[in-house]
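Chain by chain, the residues:
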Amino acid sequence: MKVTLTVNGTEYARDVEPRLLLIHLLRDELGLTGSHWGCDTSNCGACVVWLDDTPVKSCTVLAVMADGRRVLTVEGLANGASLDPVQQGFAQCHGLQCGFCTPGMMLTARWLLNNNPHPSPYQVREAISGQVCRCTGYENIVKAVLWAAEYEAAEHGAAEHGAGG
Amino acid sequence: MTGPGVAGQETGAYGAIPRKEDARFVRGQGTFVDDISLPGMLHGAILRSPLAHARIISVDASAALAHPKVEAVLTGADLAGRGLAWMPTLSADVQAVLATDKVRFQGQEVAFVVAQDRYAARDALELIAVEYEPLPPVIDARTALAEDAPLVRDDLAGRADNRVFDWNAGDKTATDAVFATAEVTVGCDMVYPRSHPAPLETCGIVAASDAVTGRLTVWSTSQAPHAHRTLYSVITGLPEHKIRIVSPDLGGGFGSKVPVYPGYLCAIVASMVTGRPVKWVEDRSENLMSTAFARDYHMHGEIAATADGRILGVRARVLADHGAFNATAQPTKYPAGFFHIFTGSYDLQAAFCEVTGVYTNKAPGGVAYSCSFRVTEAVYLVERLVDLLARELEMDPAQLRMRNLLRPEQFPYTCPTGWQYDSGDYPRALALAMDLAGYQELRREQAERRGRGEYMGIGISFFTEGVGAGPRAHMDILGLGMADGADLRVHPTGKVVLAVSVQTQGQGHETTFAQLVAHELGLTPDDVEVVHGDTDRTPFGLGTYGSRSTPVSGAAAVLAARKVRDRARLVAAAMLELSPDDLDWLDGKWRVRGDPDRGAGIAEIAMAAHSSLELPDGVEGHLDASAVYNPPNLTFPFGAYICVTDVDPGTGEVTVRRFIAVDDCGVRINPMIVEGQVHRGLADGIGMALMQAIAFDENGNCLGGSFMDYLLPTALECPSPELGATVTPSPHHPVGAKGIGESATVGSPPAVVNSVVDALAPFGVRHADMPLTPANVWRAIQGRPVRPDLAVS
Amino acid sequence: MQVPAQVEYERAGSVEHALTLLARYGPAARVLAGGHSLIPMMKLRLAQPEVLIDINGITDLCYINLTGTQLRIGTLTRHAQLLESSVAGEHFAILHDAERVIADPIVRNWGTVGGSLCQADPSEDLSAAFAAMKGTMIIHGPDGSREVSAREFHAGPYETVVGSSELLTEIRLPIRPGGGSGYRKVSRRAGDWPVVAAGAALLLDGDVITDAGIGLTAVGATHFAAAEAEGFLRGRTATPQTLARAGQIAAENCRPVSDQRGPADYKRHLACELTTRVLGVAVARARGLTT
Ligand SMILES: Cc1cc2nc3c(=O)[nH]c(=O)nc-3n(C[C@H](O)[C@H](O)[C@H](O)COP(=O)(O)OP(=O)(O)OC[C@H]3O[C@@H](n4cnc5c(N)ncnc54)[C@H](O)[C@@H]3O)c2cc1C
Ligand code: FES
Ligand code: FES
């Protein structure tokens, strides 16, 4: 079945089995291996990408359901050479260790900040509560997101960041 | 207290610098095993046993082979034909690669399908017909040695029961004597339930066998690539120099990526059979149901003391559930790992423990999950016992600990079971933790809340770990001594490449090791590139687990750097036309004594060492050096943790309100990374204490085979930790560092459990087994606790 | 690797189109809404439909409207939209209480209200919430539409009265003055399914309870409701004793089973405890004492 979608601003068309999961389309067909998978039961969030304007668990969406839609993955977060403040925050605050959960965490963080530029630590924790990190104990992920919020508050006009895709 | 190489030394490149590895990870440019794709690559999938114990009558793969996308199917019989149906485990037992005679746990590997894509491989599993004759399973470890228990390992000649080993440590007679005369003794049964490290990335491999060159290249999730290379060579008979193991970026490991798993061997054989690269990546249920579990210790502990609270001795009897194969990964001499460090952080007269390992129809494993080779179980036991004693004596548990902690002047201290603790200042760490927590104020608040019918708990744990295995004379795995090498190449411009045998799974070796070397050579961490995880490019060593990277491999890196520095001195002397004795290493340069503005740094010296400069006799050119570090002893990190919980007795819900953690891991090379390690371990402790456990029903069905059933803590269960540090350098480590990778995982579970039990004290609760789910807390209050290892009924 | 078995896929552009497709493929077809129950089951091969009929394109099934005396929720409304809807929260605090603890924010972005109800998982949260609110469901079929009470919607675990050629399109909730509601769930961890959860919606006239709705999930309550406790409350004064007694009655009349979330006796205890607590919340909200 034909599926056409826009990933990180680039349009792709592929002929796929209807059962193909979006995460596998991204990783195996499009070679965008930044998004990971970590479970069979939609619990871990390693696979989170944006579908249109919201993050979803791409292991729980069929590729054909994304037909005609926009997808944003970690590969599309940076604006060319300049990292998204969320990416910078993760590096600044040691918000990652193995880096496996990181793409999904950052995509959720970007969404959170777009909707709530000044989240409380609790709101950050709530936003990422469907995503597992086995390395950081979450503390520095929270700090990373708050770092990005502060950075953007200082920079202003950050609302446009990463909202493409 | 100071150690060699520490006293008065400037911090140099040490410090909380951001990690070098993050640049690729935040861009999604890490390379994990499943990201690797080779031309012509095939995909493997494993058919697993649905039954815990059954005889295999037949395996018919013909329908699967007829699937248009299937290239091959391997069965136990196929592997037997190659002598590969069984493989050695890291504990010198054997484990079935693909079952031939019986299946011995639910999820055991039965057949391996190789197909053109993952979806087809998964489909083909349903086309394999296996006929089983069900056998009664051994599920409850406590009945595994009963006379009528079914025999799990009838494959082992002469084996009449399910006993794996009997082992003990300490002085039984002396300990019994202490207990016989002690004024107070307290005992308790406790279970450290089976759990799973569950790194976010499951295990996987891409195996590429080249029939022409005879080379086998393996990309796999391996914490110990060199050990794996040796093992593959031993198992398959391939010459070791024809095998290359690459461990790319690992999405966590925590011990679960130390062993060699059947799936790896299947992929290797499949690549040989098909002549094409074969990828196999576990799904999550395979990961949870078949690869290295952790813990599963059924313990009875006792503590003896005087009436005024002087602890005299501890003793323990342990039943260790090892599952169907004894595949624990630990130094060979220690079948119960380092459990006999269960004397903890206290000044005792005597201790004795005995451990019996049993086979059951469950997945193999046991030593995994940041446990420091079973120090986890030991610390849990003794820290629960101390709290039980405090309750018995009606003493404050902090005061009781303070009273009995080893004093700084007692180090180096040899504990009753023989460990020699290298250094410590325990009272200082506990005092700091109590200070950070506002301990007295918390106790006041607790009393006040209790008056209002609110239940808050304060739990303490004080732990000592022994890490950095280990001295080669005592410690080996399958005969491979636990020493690690480091190679340092100094390029003419003074840029350095360090190649190490250990393998990061997120610990930040590329940064910490660069800092270690930069510090020794007066460079910046950016001048040092760290290479790891590729056996063709790195020296031999046993890998990363048991918090051994910095203690062992870090030491090797430092020694190699010091060799470079020593050689650089000779070269610098030649450059400056002075005697080496006229030079001092100061502020990162060799400087002329009395004229410190004159001198040379590593970059200039390196260029000279590669140049036409005439070197003195006996001085080789270049500056490269290598070292192998054989640690003289373990290092002994320690810490004091305080956990504050709130318990809702009407629902059994537990909220972790605060977690205060003071760690002493000796010298901190990158404090940011150290703290990150602690954060992780505290989350582990909350997970294990409150939710992570794998139980089995009476038929041996695994009840924790997915992330819906095996719960991991989320950001909402983990509080924002409050950390503190003391620094007591290790006297024998070249820079005074101890390991930190597992401290918090080891130390935090008893703090949480002590806290919850403390909250429930008004209900008369003395002990409650993990996991303290709402249901288990409520049942504990009712005085009807649930066995955490069996199905809830 | 857990991946779905092969399946055909059709995209429905309208309710009529969906009904036509359902009629064409018969029982071999399954409606695909958010897919957050169906796709995980397909991955584990616990569900193997032959055809999926994707209704995500029927955007006019995605709405939350206030119409005089009713709140109307389109079946394709995502959990997140319900949680964000101030009109829903204003009239039914129970909805926001429940949505806040259903799954996690990412799942809530795609999982739908109608999908939750149609999944009919015996631990579903919204089923209990709608039972408490005594909502009704609008079902479209080849012969037009019908309205079914929430109390008749579920036919058993994983079974509803929605036929294989029918489509749930809307949920209607009656808005009545003097009401207060709440929802309370105990789970082992954020994002986990409930061990037990209870919802309550009360109507008060002064201190007298004129109508009561109690929903219970994960305890085998018939139609996710505690009818006996509701009957007990009707006409009584809302005292702590009355509410506690209602909790007991609710607990006596449910049929929890033991599993790894907890033993049956604990779940029965929770049915009582949570019903009592949530009734207290509903009373306080009806009186305007809390939000
Ligand atoms: C990780 C995770 C955690 C979760 N936790 C919770 C929780 O705590 N509490 C809770 O209540 N739920 C929970 N859920 C379930 C989640 O709320 C539901 O999966 C989801 O909302 C179902 O909606 P859906 O749109 O995804 O349904 P789908 O998966 O698309 O459909 C479910 C079923 O309903 C049928 N169906 C859907 N829409 C219609 C319709 N309009 N007409 C007829 N039939 C229809 C489908 O054919 C299918 O059989 C969780 C899910 C996940 C993945
Ligand atoms: S892979 Fe775990 S939620 Fe998608
Ligand atoms: S950084 Fe390893 S899982 Fe989050």
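Up top is the structure these notes are about.
Calculation notes
- Residues numbered from 1 in each chain as written.
- Chains lettered and ligands numbered in written order.
- Predicted model: local features only at pLDDT ≥ 70, side-chain atom pairs only at ≥ 80, totals over all residues.
- Heavy atoms only, no water.
- Contact = heavy atoms within 4.5 Å.
- Buried area = accessible area lost by both parts, 1.4 Å probe.
- Salt bridge = Lys/Arg side-chain N within 4 Å of Asp/Glu carboxyl O.
- Phe/Tyr/Trp six-rings, centres within 6.5 Å; stacked < 30°, edge-to-face > 60°.
- Lys NZ or Arg CZ within 6 Å of the ring centre and 35° of its normal.
- Near = heavy atom within 4 Å.
- Polar contact = N/O pair within 3.5 Å; in protein donor to acceptor, adjacent residues only side chain to side chain.
- Areas by Shrake-Rupley, 256 points an atom, 1.4 Å probe, with all protein chains shown as cover.
- 1 Å grid on protein atoms, 1.4 Å probe; cavity = no way out; pocket = protein on both sides within 12 Å on 5 of 7 lines; lining within 4 Å.
- Points joined across faces, edges and corners; volume = space filled by probe spheres on them.
- Helix = DSSP H or I, 4+ residues; strand = E, 2+ residues; numbered from the N terminus.
- Nonpolar A, V, L, I, M, F, W, Y, C, P; charged D, E, K, R; others polar.

A common way to state how big an interface is: give the accessible area lost once the parts meet. If you look at the interface, chain B gives 54 residues, while chain A gives 46 residues. For the chain B and chain A pair, buried surface summed over both sides reaches about 4,100 Å², with 57% attributable to carbon and sulfur atoms. Taken as a group, Val-26, Tyr-119 and Leu-200 of chain B account for 19% of the area that chain B buries against chain A, more than any other trio of residues on that side. Linking chain B with chain A are five salt bridges.

Moving on, we get to the packing of aromatic side chains. To describe a pair of aromatic rings, you give the distance between the ring centres and the angle between the ring planes. All names here are of chain B. Summed over the entire model, instances satisfying the criterion amount to 26 aromatic pairs over all chains. Arranged with centres 5.2 Å apart and planes meeting at 70°, the rings of Trp-585 and Trp-590 form a pair that is edge-to-face. Of the aromatic side chains, those joined through ring pairs into one cluster are Tyr-334, Phe-338, Phe-373, Trp-419 and Tyr-545. Sitting above the plane of the Phe-25 ring, Arg-24 keeps its charged end 4.8 Å from the centroid. Across from the ring centre of Tyr-545, 5.5 Å away, lies the NZ or CZ of Arg-548, which sits over that ring.

Moving on to the site of ligand 1. Neighbouring ligand 1 are 31 residues; Val-31, His-36, Ser-37, His-79 and Thr-112 of chain C lie closest to it. Chains contributing residues to the immediate surroundings of ligand 1 are chains A and C. Contact distances for ligand 1 include 2.9 Å between an oxygen atom and a side-chain N or O atom of Arg-30 of chain C. The separation between an oxygen atom of ligand 1 and a polar main-chain atom of Ala-103 of chain C is 3.3 Å. In isolation ligand 1 has 960 Å² of accessible area, and contact with the protein removes 96% of it.

With that settled, consider the layout of surface pockets. Picture a little ball the size of a water molecule; that probe, rolled over the atoms, points out where space is still empty. Taken as a whole, the second largest pocket encloses approximately 970 Å³ of empty space. Around the second largest pocket, the lining is made up of 41 residues, and of these Tyr-122 of chain A, Leu-716 and Glu-717 of chain B together with Arg-189 and Ala-190 of chain C lie nearest the centre. Looking at the lining of the second largest pocket, the elements with two or more residues in it are helix H4 (121-127) and helix H5 (139-155) of chain A, strand E33 (653-664) of chain B together with helix H5 (93-100), helix H6 (105-110) and strand E11 (179-186) of chain C. Across the lining of the second largest pocket, the residue classes tally to 20 nonpolar, six polar and 15 charged.

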